[in-house]
Amino acid sequence: MRLPSSIFVSVSLFTAETTAALYLSSTYRSAGDQIWQGLTLLFTLVPSVLVQLTLTFIHRDLGRDRPLVLLLHILQFGPIVRCLEAFCIYGSVGRVEEPYVSITRKKQIPRGGQSEEVERQVGQAEGKLFTHRAAFARTSVIQAFLGSAPQLTLQLYICILQQGVSIGRGTLMVISLLSIVYGALRCNILAIKIKYDDYEVDVRPMAYLCIFLWRSFEIATRVVVLVLFSSVLQLWVLPVVLLNFLVFFLYPWILFWQSHSPFPENIEKTLTRVGTTIVLCLLTFLYAGINMFCWSAVQVKLNDPDLINKSQNWYRMAVYYMLRFVENASLLLLWFIYKTDFYKLTCAPLLVLQLLVAYAIAIFFMLVFYQFCHPCRRLFTSSMTQGLWNCSSLLCLMCNSDSPQNRPIGKSLSPTTRQETANDGAHDTASDTTDDMPNETMYDMLNDTTIYDTTNEIGNNICDGINGDINHSD
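This structure is a prediction, so every number in the text was calculated from the model and none was measured. (Residues numbered from 1 in each chain as written. Predicted model: local features only at pLDDT ≥ 70, side-chain atom pairs only at ≥ 80, totals over all residues. Heavy atoms only, no water.)

For the protein chain, the helix and strand inventory stands at 17 helices and 2 strands. Taking the contacts inside the protein chain whose residues are at least 6 apart along the sequence as the reference set, 75% of them involve residues at least 24 apart. As displayed, the protein chain has an accessible area near 26,400 Å², and 64% of this comes from carbon and sulfur atoms. (Helix = DSSP H or I, 4+ residues; strand = E, 2+ residues; numbered from the N terminus. Contact = heavy atoms within 4.5 Å. Areas by Shrake-Rupley, 256 points an atom, 1.4 Å probe, with all protein chains shown as cover.)

Ranked by size, the top nonpolar core spans 93 residues in total, and within it Phe 145, Trp 214, Tyr 321, Phe 369 and Tyr 370 carry the most contacts. Per-element accounting of this core gives the leading share, 14 residues, to helix H5 (residues 124-162). Once residues lying within four places of it in the same chain are set aside, the contact partners of Trp 214 are Asn 188, Trp 295, Tyr 321, Ala 362, Phe 365, Met 366, Phe 369 and Tyr 370. Among the nonpolar cores identified, the runner-up in size contains 8 residues, and Val 11, Cys 83, Ile 89 and Leu 129 belong to it. (Core = buried A, V, L, I, M, F, W, Y, C linked by side-chain atoms within 4.5 Å. Buried < 20%, exposed > 50% of the residue type's maximum accessible area, 1.4 Å probe, protein only.)

This paragraph deals with the UniProt feature "transmembrane region" (unreviewed entry) in the protein chain. As annotated in UniProt, the feature "transmembrane region" (unreviewed entry) corresponds to residues 36-58, 166-185, 206-229, 235-256, 277-298, 318-338 and 350-372 in the numbering used here. Strand forms 0% of residues 36-58 and helix 100%; the C-alpha atoms that close the span are 34 Å apart. (UniProt positions renumbered as here; feature names shortened; annotations may be inferred.)

It is worth spelling out the packing of aromatic side chains at this point. When we look at a pair of aromatic rings, we describe it by the centre distance and by the angle of the planes. Within this structure, the stated rule accounts for 16 aromatic pairs. Through pairs of rings, three or more aromatic residues link up here, namely Phe 248, Trp 295, Tyr 320, Tyr 321, Phe 325 and Tyr 359. Cation over ring: Arg 215 sits above Trp 214, and NZ or CZ is 4.1 Å from the ring centre. (Phe/Tyr/Trp six-rings, centres within 6.5 Å; stacked < 30°, edge-to-face > 60°. Lys NZ or Arg CZ within 6 Å of the ring centre and 35° of its normal.)

Tracing the backbone through its elements, the reader meets Arg 324 in helix H10 (residues 314-338). The class for Arg 324 is buried, based on a relative accessible area of 4%. Engagement of the side chain of Arg 324 in a polar contact is seen with the backbone oxygen of Asn 291, the distance being 2.7 Å. Apart from the residues lying within four places of it in its own chain, the contact partners of Arg 324 are Arg 222, Asn 244, Phe 248, Asn 291, Met 292 and Tyr 359. (Polar contact = N/O pair within 3.5 Å; in protein donor to acceptor, adjacent residues only side chain to side chain.)

All right, on to a nonpolar patch on the surface then. Nonpolar side chains collect at one region of the surface, where Leu 68, Leu 71, Leu 75, Phe 77, Ile 80 and Leu 84 lie side by side and expose about 580 Å² of accessible area between them. Those elements that provide at least two residues to the nonpolar patch are helix H3 (67-74) and helix H4 (78-91). Its place among the elements puts Leu 75 in the loop between H3 and H4. Leu 75 sits in the partly exposed class, given a relative accessible area of 47%. (Patch = residues over 30% accessible without salt bridge, like charges linked within 9 Å, V, L, I, M, F, W, Y side chains within 5 Å. Salt bridge = Lys/Arg side-chain N within 4 Å of Asp/Glu carboxyl O.)

A few words on the packing of H5 against helix H9 (residues 273-293). Packed helices, taken two at a time, are described by their axes: the angle between them and the distance between them. Here H5 crosses H9 at 45°, and the two axes come no closer than 9 Å. Put simply, H5 runs oblique to H9. Crossing geometry of H5 relative to H9 is assigned as left-handed. Across the interface between the two elements, Val 141, Ile 142, Phe 145, Leu 146, Ala 149, Pro 150 and Thr 153 of H5 pack against Phe 285, Leu 286, Gly 289, Ile 290 and Phe 293 of H9. (Axes fitted to C-alpha atoms, helices over the stretch in contact; angles between N-to-C directions. Parallel < 35°, antiparallel > 145°, perpendicular 65-115°, else oblique. Left-handed = near helix turned anticlockwise from the far one by under 90°.)

Now for the packing of H5 against helix H6 (residues 167-195). The contact between H5 and H6 brings their axes to 7 Å, and the two run at 150°. By the angle class used here, H5 and H6 are roughly antiparallel. Of the two elements, H5 crosses H6, and the hand of that crossing is left-handed. Grouping the amino acids of the contact of H5 with H6 by side-chain chemistry returns 18 nonpolar, 9 polar and 3 charged. (Nonpolar A, V, L, I, M, F, W, Y, C, P; charged D, E, K, R; others polar.)

With that settled, the discussion passes to the environment of Phe 293. Relative to the assigned elements, Phe 293 resides in helix H9. Each C-alpha atom of the pair Phe 293 and Ile 219 lies 5.9 Å from the other, and the pair is 74 residues apart in sequence. Setting aside residues no more than four positions away along its own chain, Phe 293 makes contact with Phe 145, Ala 149, Pro 150, Thr 153, Glu 218, Ile 219, Arg 222, Val 223, Leu 226 and Tyr 320.

Here we come to the pattern of salt bridges. Inspection of the entire model under this criterion finds 5 salt bridges. Across the pair Glu 85 and Arg 82 runs a salt bridge, and its minimum N-O distance is 3.7 Å. Residue Glu 85 and its partner Arg 82 are both found in helix H4; the two are separated by 3 residues, about one turn of the helix. Given a relative accessible area of 24%, Glu 85 falls into the partly exposed group. Note that Arg 324 and Glu 327 form a salt bridge whose closest N and O atoms lie 2.3 Å from each other. Note that Arg 324 and Glu 327 are positioned in helix H10 at a spacing of 3 residues, about one turn of the helix. Accessibility classification places Arg 324 together with Glu 327 in one group, the buried group. One network of salt bridges, with partners in common, ties together Arg 66, Arg 82 and Glu 85.

Now the structure itself:
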């Protein structure tokens, strides 16, 4: 049985960040900065309360007679108590005979085209440790993106305004960045274990290193871009943040509405419809908070029994990173245009180039992880490079099909033909609008390896096809 080291890391980051934030808020109070003190406490206490509620919900303590544990959760000491409980369970393994064991069957990652199923006995203590690990994996994500990410953004913004970094503020920023990166790493591992629940997944150290570097560059670049933009255009940063947040918050609900699926009722038997709605809103709220700063490895799907999309969708990932790169470049361009004399000692072009290169490095480590270090890469229906190539080819085809060169020339058509063309276009408008939207069938097509060669042939003959269409229309 493995040592519950991930639980210790989660509790250590939670305790260190809370302590540093409380100390920094006291210094803001001494300096008379009540606004900074209030925001610092807000980004500390709100995620802490959500962490306590999550641990209570996962361990089902409301239906059990454990008043002392509930009291400690109210006092915000729940994670520490859970960590001590997990290590006590780990220390008692082997000393007490298990009253009963359960048998689990897991498939091994296929090697050479064969996959064997392995049976393993799981005792009661190991099952409890598994529950603790799952609970802390989820609380690490909540703490990272609903607490540490806005906290890091706030403190970096204060550093720019005050033109200095104090010891307390610098310590809190470092801990917050580590907490965000660790939360993103846990999100990646959680997504792998949920999607490949039938397999025995073994994540190697090189995979952890790639994820750490990928998430570090991605999150640090995103935070710096937002802070630079907000330092020169304070009134416009709120619409940008709200637009990003609302898009990712409403996106799972729009897909759920389009699927015409019944309302999920199997989340928790004790929850009413109102309680289920609140839990789903909190889940999509967390999903939007993650995508605000980085790509969420766990994709929410409300019409799925597990609420998670278990398919590997390269198209969605490629679109996200292309749009995010364009957005970061646009925000940096606006900062460069409207920067004040405050940045006169800063080499602005070099800073913009460094941030864009850092984001490109993050994408590079992401590609390395999915291509070489992913523990379940043998189960992919298509490789990462094939998926991205299919996505780029599809975008090229869509752009070329909408270009004016591929449309019939109006002067070469008779009036009757023009009228028929107009009628046909008006008749097919609704269906074309629906068909052009990327749906789940298109996502599956992008992951199909049989399309790869066809896409290459189409991509190589695009120019010849366009010229042939023009000659034919003439």
